[in-house]
Amino acid sequence: MSQDIQAKIAQLTAELNEYNYQYYVLANPVISDYEFDIKLKELERLEKEYPQYRDPNSPTLKVGGDITCKFNTVKHRWPMLSLSNTYSEQELRDFDLRVQKAIGHPVDYVCELKFDGISISLTYEKGKLTHAVTRGDGMQGDEVTQNVKTIRKIPHQLKQGDYPDLFEIRGEIFMHKAAFLRLNKEREENGEQTYANPRNFTAGTIKLQDSSEVAKRPLDCFLYFLYMDNRNKLFSTHWESLQKVKEWGFPVSEHTKLCSSIDEVLEFIHYWDQARHKLSFEIDGIVIKVNEYPYQEELGFTAKSPRWATSFKFKAEQVETTLLSVSYQVGRTGVVTPVANLKPVPLAGTTVKRASLHNANEIARLDLHEGDSVFVEKGGEIIPKIIAANPEKRKPDAKPIVYPTHCPECNTPLIRQEGEAVHYCPNENGCKPQIVGKVQHFIGRKMMDIQGLGDETIETFYRLGLVRHISDLYTYITDAKSW
Ligand code: IVH
């Protein structure tokens, strides 16, 4: 039993660390925020009960994020913490009760939109923007000042004002949905890799080495938190600080509300759960902050987030559409991945036509039938996923979707290794997508990086019977210039 728990903790730790790496370092999220948060909470619960099994590298102990080596690393004067989050109204009420208990009476909250972008910390010295730093690991981040300077709304030099000689202001950099769609389309037309959502596009952009390239991609920004020494001398509430920074020339969202009860907070949340779709940018929830600075100080922080703030996250958008067919793609390693072809449907800013079904287990879990009406979700607006089929709409004679027994490309019987979820085609030297995929991988940037030879040429070589193996590149084709 305790061994099982130890193994479960180790497995969740490894899994979540990998997701964090994909999300923060590669800007390539592989699961939805919701699924991530559920797993993280499960790990937190287990670690609380069995602290002896907690890994020193547990994702529960750190703010996600990482530092890339191409930029100067800068230490944050004030650590950049994360926010606790919940998807449940009851948990939000519990947060309010905890706050009330600590303070001794009800308090005011500032409700703000939770912008779905990249957090940034801006340092101003004598009114001049001197550093713009990403969150990184929360203690230190990447200096991306030149790139941030391309964002028109961020002042390089403040006008006269009653701001202190040194302060840091934090906020979120993001891309509007329309710009995202336009730029992604351009990338697709140019054969460049597209981004899954505006947040990813922003992350990829802010880390570009060439700021003239950044300038071509319209980024926007809202600021939402001020750090300075002796801030209490200037004002005593977060609300006042927001009005002030607006006066100093910073972009602050107008969709911010001062609430005097948790019911009012919930009203704000309900409003924005609907109205968010009309915004020109993506938000993934609402941030709730205790307004009075003295109360914030009394409440303090946990290891990774303030006790005086939390966030309510919206569940990913879902739509219902029809399953047209399932196709099976054979990858370079022979793994056969089922893909659902869907009746095109707009969802969170894009048209969804396909969704990954991962493997045979997933098809069985969903109990998919031909022509099913299915619920599709874009987890954190990322890769579309089928959440469930709607059996009520199923025709009585609909046939279940059956995973193939033979390779759809070469008809070899498929194999499934003991304990593994995926099926694969063992015919590695005779199955077209495996051969072409392997050769394409071999010539690619991550491997041999062979200049002047592209994926399409390999397809052509295959079609002409010139290439059946990587070694054929060297046997038959020797004069690189003639490619
Ligand atoms: S306040 C100590 N306000 O959400 C207070 N954060 O999940 C820290 N975010 O790292 C943040 N909108 O990148 C705050 N109105 C808002 C926000 C916001 C988006 C992001 C921010 C933060 C993350 C936490």
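The structure we're discussing is the one just above.
Rules used throughout
- Along each chain, the written sequence defines residue order, and numbers are assigned to residues from 1.
- With pLDDT at 70 or above as the cut-off, local features in this predicted model cover only qualifying residues; side-chain atom pairs require 80 or more to be listed or tallied, and sums for whole chains, interfaces and linings still use all residues.
- The side-chain quantities take in all heavy atoms of the structure and omit both hydrogens and water.
- Strands are runs of DSSP state E lasting at least two residues, helices are runs of H or I lasting at least four, and both sets are numbered from the N terminus onward.
- The reference for a compact globule is 2.2 Å times residues^0.38; the radius of gyration itself is calculated from the C-alpha atoms.
- Relative accessibility thresholds used throughout: buried, under 20% of the residue-type maximum; exposed, over 50%; partly exposed, between the two (1.4 Å probe, protein chains only).
- The contact criterion used is simple: two residues touch if any of their non-hydrogen atoms lie within 4.5 Å.
- Only the protein chains shown count as cover for residues, and all accessible areas are computed by the Shrake-Rupley method using a 1.4 Å probe.
- Charge convention: Lys and Arg are scored as positive, Asp and Glu as negative, and His as well as the terminal groups of each chain are ignored.
- Here the site of a charge means NZ on Lys, CZ on Arg, CG on Asp, or CD on Glu.
- When DSSP finds at least two bridges between two strands, those strands are taken to pair.
- Orientation is described by lines fitted to C-alpha atoms, with helices fitted over the stretch in contact, and by angles between N-to-C directions that extend from 0 to 180 degrees.
- Criterion for a salt bridge: a side-chain nitrogen of Lys or Arg within 4 Å of a carboxyl oxygen of Asp or Glu.
- Residue types Ala, Val, Leu, Ile, Met, Phe, Trp, Tyr and Cys, when buried and joined through side-chain atoms within 4.5 Å, form a set referred to as a nonpolar core.
- Here a Phe, Tyr or Trp ring, Trp counted by its six-membered ring, pairs with any other such ring whose centre lies within 6.5 Å, and the pair is stacked when the planes are under 30 degrees apart, edge-to-face when over 60, and tilted otherwise.
- Lysine NZ or arginine CZ positioned within 6 Å of the ring centre and within 35 degrees of the ring normal marks a charge as sitting over the ring.
- In this text, near means that some heavy atom of the residue lies within 4 Å of the molecule or strand in question.
- Under this definition, polar contacts are N or O atom pairs within 3.5 Å; protein pairs additionally need one hydrogen-donor-capable and one acceptor-capable atom, and for neighbouring residues in sequence, both atoms have to be side-chain atoms.
- Note on residue classes: Ala, Val, Leu, Ile, Met, Phe, Trp, Tyr, Cys and Pro are nonpolar, Asp, Glu, Lys and Arg are charged, and everything else, Gly too, is polar.

Participant: Please clarify how the overall build of the protein should be interpreted in this entry.
Facilitator: The helix and strand inventory of the protein stands at 15 helices and 18 strands. Relative to the 2.2 N^0.38 estimate, which gives 23 Å for 483 residues, the radius of gyration of the protein is 26 Å and therefore close to what a compact globule would have. Viewed in the frame of its principal axes, the protein has a C-alpha envelope of about 80 × 60 × 45 Å. Counting all 483 residues of the protein, 49% fall into the buried class. Across the protein, every contact between residues at least 6 apart in sequence was considered, and the portion connecting residues at least 24 apart equals 67%. When the accessible surface of the protein is summed, it comes to about 25,000 Å², and 50% of that surface belongs to carbon and sulfur atoms. Mean positive and mean negative side-chain charge positions of the protein (61 and 67 charges, respectively) differ by 3 Å.

Participant: Help me out: how do you make sense of unusual backbone geometry in this one?
Facilitator: Keep in mind that most residues, glycine aside, have a negative phi and that most peptide bonds are trans. A positive phi is found at His358, a non-glycine position, where the angle reads about 65°. Position of His358 relative to the elements: it lies in the loop between β14 (350-356) and α12 (360-366). You will see that Asp449, though not glycine, has its phi angle at about 50°, which is positive.

Participant: Sorry, what's going on with the sheet that holds strand β11 (residues 309-313) here?
Facilitator: Backbone hydrogen bonds are what pair the strands of a sheet, in a parallel or an antiparallel way. Taking strand neighbours across the sheet as the criterion, the 5 strands line up as β2-β11-β10-β3-β9 in an open arrangement whose pairing is mixed. What marks the edges here is a single partner per strand, and that holds for β2 (85-86) and β9 (257-259). The sheet strands contacting helix α3 (residues 89-103) are β2, β3 (109-115), β10 (283-290) and β11, and the helix crosses β11 at an angle near 170°. Contacts from helix α9 (residues 238-248) reach β3, β9 and β10, with the element oriented near 55° to β3.

Participant: Looking at this model, I keep getting lost on the sheet that holds strand β5 (residues 128-134). Mind explaining?
Facilitator: Read across the sheet, 4 strands follow the order β5-β4-β7-β8 without closing on themselves; strand pairing throughout is antiparallel. The open sheet has two edge strands with one neighbour each: β5 and β8 (220-227). Between one strand axis and the next, the sheet turns through 30° on average, direction left out of account. Here helix α6 (residues 198-206) sits on the sheet in contact with β4 (118-125) and β7 (166-174), set at roughly 45° to β4. Together, β7 and β8 form the strand contacts of α9, whose direction differs from that of β8 by roughly 125°.

Participant: Help me understand the pattern of salt bridges in this model?
Facilitator: As a working rule, side chains carrying opposite charge can pair if their charged atoms are close by. By the definition in use, this model includes 28 salt bridges. Between Glu428 and Lys438 there is a salt bridge; the shortest N-O distance is 3.7 Å. Of the two residues, Glu428 is situated in the loop between β18 (423-424) and α13 (432-443) and Lys438 in helix α13; the sequence distance between them amounts to 10 residues. A salt bridge links Lys432 to Glu459; the shortest N-O distance between them is 3.4 Å. Placement of Lys432 in helix α13 and of Glu459 in helix α14 (residues 455-463) is noted, with a sequence separation of 27 residues between them. One salt-bridge network, in which partners are shared between bridges, spans Asp37, Lys114, Asp284 and Lys313.

Participant: Explanation requested: the pairing of β5 in the structure shown.
Facilitator: Regular strands place side chains that alternate from one sheet face to the opposite one. Where β4 and β5 come together, 6 bridges link them in antiparallel fashion. Looking across to β5, one finds that Ser121 is bridged to Val133. Where β4 hands over to β5, the hairpin turn is made up of 2 residues, of which Lys126 adopts a positive phi near 50°.

Participant: Explanation requested: the nonpolar core in the structure shown.
Facilitator: Nonpolar side chains in soluble globular proteins tend to end up buried together. Leu122, Tyr124, Val148, Phe167, Ile169 and Phe250 are the most contacted members of the largest nonpolar core, which totals 39 residues. Of all the secondary-structure elements, those providing two or more residues to this core are β4, β5, β7, α5 (177-189), α6, β8 and α9. If you tally residues by element for this core, the top one is β4, at 4 residues. Discounting residues that sit within four places of it in the chain, Phe250 has contacts with Tyr124, Pro155, Leu158, Phe167, Ile169, Leu223 and Val245. Core analysis: the second largest hydrophobic core is formed by 34 residues, Val99, Tyr227, Leu279 and Phe314 among them.

Participant: Can you help me understand the side chain of Thr134 in this one?
Facilitator: By the element assignment, Thr134 lies in strand β5. Residue contacts for Thr134: discarding those within four places in its chain leaves His76, Met80, Ser119, Ile120, Gly141, Asp142, Val144 and Lys207.

Participant: Please explain the packing of aromatic side chains as it appears in this structure.
Facilitator: Geometry of an aromatic ring pair is reported as the spacing of the ring centres plus the angle between the planes. Following the criterion strictly, the structure yields 27 aromatic pairs and no others. One aromatic cluster is present, built from ring pairs that chain together Trp78, Phe225, Tyr227, Phe301 and Trp308. Lying across the ring of Tyr227, Arg170 places its NZ or CZ 4.4 Å from the centre.

Participant: Could you clarify how one ought to interpret the site of the ligand in this entry?
Facilitator: The full set close to the ligand counts 14 residues, and Glu112, Leu113, Ser119, Glu172 and Tyr224 are the nearest of them. Phe115 has a polar backbone atom sitting 3.1 Å from a nitrogen atom of the ligand. At 2.7 Å from an oxygen atom of the ligand is found a side-chain nitrogen or oxygen belonging to Glu172. Its free accessible area being 530 Å², the ligand has 91% of it covered by the protein chains. Elements with a minimum of two residues in the shell around the ligand: β3 and β10. It is β3 that contributes the most residues to the shell around the ligand, 4 residues altogether. For the shell around the ligand, a count of residues per class yields 8 nonpolar, 1 polar and 5 charged.

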